[in-house]
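# Notes for the structure review
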Amino acid sequence: MTRLEAIEADITTLAVDVIVNAANSSLMGGGGVDGAIHRAGGPDIRDECIAIVERHGPLPTGRAVITTAGRMPAGHVVHTVGPVWGTVDEHEAVDLLASCYRSSLDLARDALAASIAFPNISTGVYHFPKRLAAEVAIQAVSDWVGDDPGTVESVTFVCFDRDNLVFYRDLLRI
Ligand code: APR
């Protein structure tokens, strides 16, 4: 059975098979966790992102792509684009956020990953309410691992602030 856990950490330091980036459609980096990942991983990540955008265009919200993790200890980075709260109705925002988690897990499984770590997608600059985002994330991941987790043995929700950690620990009952 796949293990779900929540920790407080900087996702760039984790030696897991896949870390997920809360990117934007340009894949060119930004602030928050996106900036931290590009800074820690170095220019190889950006080079791969440029090639992906040249080939396929900007990454739509809810979708994901995979690159090297550059200089970070993780094996790969999955870049996904969460919804910006307030730009679509609540149902659509929830569907798009759930799709980020599912699309990322699909790529992790295709890469034969055993461990994947997610940041709290959309809960920073994109202003998705934190508790609702945690509920959506845990539900989407639980449904996905219940279907066919493939090689994925552990899913870590990486919280960068106390509010998120409290919500995740409460919802995961840990
Ligand atoms: N490790 C783990 N989590 C982090 C880190 C880090 N090093 N840095 C920030 N976070 C957390 C934030 O505290 C927040 O809970 O990641 C969560 C997501 O916040 P943002 O990074 O602002 O991402 P998001 O809300 O999805 O907005 C995406 O921000 O910088 C831009 O390019 C990015 O345009 C995109 C937008």
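Summarised in this report is the structure supplied together with it.

About the criteria used
Residues numbered from 1 in each chain as written. Predicted model: local features only at pLDDT ≥ 70, side-chain atom pairs only at ≥ 80, totals over all residues. Heavy atoms only, no water. Near = heavy atom within 4 Å. Polar contact = N/O pair within 3.5 Å; in protein donor to acceptor, adjacent residues only side chain to side chain. Areas by Shrake-Rupley, 256 points an atom, 1.4 Å probe, with all protein chains shown as cover. 1 Å grid on protein atoms, 1.4 Å probe; cavity = no way out; pocket = protein on both sides within 12 Å on 5 of 7 lines; lining within 4 Å. Sits in = over half its atoms within 2 Å of the grid points. Helix = DSSP H or I, 4+ residues; strand = E, 2+ residues; numbered from the N terminus. Nonpolar A, V, L, I, M, F, W, Y, C, P; charged D, E, K, R; others polar. Expected span 1.5 Å × (residues − 1). Buried < 20%, exposed > 50% of the residue type's maximum accessible area, 1.4 Å probe, protein only. Salt bridge = Lys/Arg side-chain N within 4 Å of Asp/Glu carboxyl O. Contact = heavy atoms within 4.5 Å.

### What to know about the site of the ligand
- Inspection of the region around the ligand gives 22 residues, with Asn24, Gly31, Asp34, Ser122 and Gly124 positioned closest.
- The separation between an oxygen atom of the ligand and a polar side-chain atom of Asn24 is 2.8 Å.
- Isolated, the ligand exposes 700 Å² of accessible area, and the fraction of that covered by the protein chains is 91%.
- Taken atom by atom, the bulk of the ligand overlaps the largest pocket.
- Of all elements in the fold, only strand 2 (18–23) and helix 1 (32–41) reach the threshold of two or more residues within the shell around the ligand.
- Per-element accounting of the shell around the ligand gives the leading share, four residues, to helix 1.
- Along the lines of polarity and charge, the residues of the shell around the ligand split into nine nonpolar, 10 polar and three charged.

### Quick word on helix 4 (residues 130–147)
- For helix 4, spanning 18 residues, the distance from its first C-alpha to its last is 26 Å, which sits close to the expected 26 Å at 1.5 Å a residue.
- Those residues of helix 4 that sit buried are Ala133, Ala134, Val136, Ala137, Ile138, Ala140, Val141, Trp144 and Val145.

### Remarks on the pattern of salt bridges
- Per the stated rule, a full pass over the model turns up seven salt bridges.
- Across the pair Arg109 and Asp106 runs a salt bridge whose closest N-O atoms are separated by 3.2 Å. With Arg109 and Asp106 both in helix 3 (residues 90–110), this residue pair falls three residues apart, about one helical turn.
- Take Arg109: its relative accessible area is 23%, and that puts it in the partly exposed class.
- Measuring nitrogen to oxygen at the nearest pair gives 3.1 Å for the salt bridge that ties Arg131 to Asp170. With Arg131 in helix 4 and Asp170 in helix 5 (residues 162–172), the pair connects residues that are 39 residues apart, well separated along the chain.
- Residue classification places Arg131 among the partly exposed positions, given a relative accessible area of 32%.
- One network of salt bridges, with partners in common, ties together Asp106, Arg109 and Asp148.

### A word on the side chain of His79
- Assignment of secondary structure puts His79 in strand 4 (residues 76–81).
- Within the structure, the side chain of His79 is placed 2.9 Å from the side chain of Thr67, a separation counted as a polar contact.
- Ignoring anything within four residues of it in the chain, the contact list for His79 reads Asn21, Ala23, Leu27, His38, Ile45, Cys49, Leu59, Arg63, Ala64, Val65 and Thr67.

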